[in-house]
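Structure at a glance
Read off the chains here:
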Amino acid sequence: MIHAKGILSRDLQLEILELTRNIALRSPTFIPTTPNGNKLNCEMTSCGKYGWVSDRFGYRYTEIHPQTKEKWTEMPELISSLAKTFASMVDEYDYVPETCLINYYKKTGKLGLHQDNSEFNLKPAIISISLGDDATFLVGGNKRNDVVQEILLRSGDVFILYGESRLYFHGIKKIAPNTSDLLKNGGRLNLTIRQVK
Ligand code: MD6
Ligand code: FE
C-alpha cells in the first residue's frame, strides 16, 4: 500500500470537491443498507460506467442509480486522469477507471472493517482520495482478525491499495470534526476509483 500525504494541492482539492458537488446533483447520495438490514454510517454515490450499491440482495455494481433509475453521472476527466497517473505510480499502465465511489461522512460517520471484493477483477489498484476532515483509517491484512494499524488520512492525501495489499481489510474508525475548512459544512469526503472488469 502507498500513503501519499498531502499530494493534492488545495486548488486541486477544491476542483475535485466542485466536481463531486455536481455529481451529487445528478446522482444524489444515499445511505446504503447492508444485506443484514443495517444502515451504513455514511452517505454514498458513484460516477462512471458503474456504481457500487448495497441492499438486502448484497453488495454489487450496477449501471443504474438505485433511486433515480438513471445511468450514473459520467466520471469527470480530471478524476479519471488523476487515477491513471496514480495507477502508473504502482506500475499499472493499462488502468481503466470505471467507477468512482464517493463517500460522505458527517462527524459521527464511520465505515466498518471490510475488503473491497465486489469487483470482477480483483487485481487493479484502488485509489483513494481524501477531502475535508481528518479520519482514522484502519488497515490490517488479508484476514479479518489480522492486526490493524491506524493511519491518519488528511485532506489532500491519496492512499492506494494494490498488489499484495489489494484485499487488505480496512475501515474508517472515526472522523476528527473541524480539522479542515475545505468543506463548508464540515465532514469528510472520500473518493475511491476502481477498475471493475
Ligand atoms: C474511506 N476507504 O477512506 C474508505 N477502499 O473513507 C476505503 O474503503 C478504501 O481507502 C479501498 C481502497 C482504499 C480505501
Ligand atoms: Fe474500501
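Residues numbered from 1 in each chain as written. Chains lettered and ligands numbered in written order. Predicted model: local features only at pLDDT ≥ 70, side-chain atom pairs only at ≥ 80, totals over all residues. Heavy atoms only, no water.

Overview of the overall build of the protein chain
- Broken down by element type, the protein chain carries two helices and twelve strands.
- Order of helices (α) and strands (β) in the protein chain, N terminus to C terminus: β-α-β-β-β-α-β-β-β-β-β-β-β-β.
- Computed over its C-alpha atoms, the radius of gyration of the protein chain comes to 15 Å, within 12% of the 16 Å expected for a compact globule of 197 residues.
- For the protein chain, the spread of C-alpha atoms along the three principal axes comes to 35 × 35 × 35 Å.
- Every one of the 197 residues in the protein chain was classed for burial, and the buried ones make up 52%.
- Partitioning the intrachain contacts of the protein chain with sequence separation of at least 6 by distance along the chain shows that 74% fall at a separation of at least 24.
- Split by element, the accessible area of the protein chain, about 9900 Å² in all, is 51% carbon and sulfur.
- Across the protein chain, the centroid of the 25 positively charged side chains sits 7 Å from that of the 22 negatively charged ones. (Helix = DSSP H or I, 4+ residues; strand = E, 2+ residues; numbered from the N terminus. Rg over C-alpha atoms; globule rule 2.2 N^0.38 Å. Buried < 20%, exposed > 50% of the residue type's maximum accessible area, 1.4 Å probe, protein only. Contact = heavy atoms within 4.5 Å. Areas by Shrake-Rupley, 256 points an atom, 1.4 Å probe, with all protein chains shown as cover. Lys, Arg positive; Asp, Glu negative; His and termini not counted. Charge placed at Lys NZ, Arg CZ, Asp CG, Glu CD.)

Here we look at the nonpolar core
- Grouped together as the largest cluster of nonpolar side chains are 28 residues, with contacts concentrated most on Cys100, Ile127, Ile129, Leu131, Val158, Leu191 and Ile193.
- Listed by contribution, the elements that provide at least two residues to this core are helix H1 (10–26), helix H2 (77–89), strand S5 (99–105), strand S7 (126–132), strand S10 (158–161) and strand S12 (188–194).
- If you tally residues by element for this core, the top one is H2, at five residues.
- Here valine 158 is in contact with Ile2, His3, Ala4, Ile7, Leu8, Phe86, Ile127, Ser128 and Ile129, once residues within four sequence places are set aside.
- Residues Cys42, Tyr61, Phe159 and Ile175 belong to the second largest nonpolar core, which totals 20 residues. (Core = buried A, V, L, I, M, F, W, Y, C linked by side-chain atoms within 4.5 Å.)

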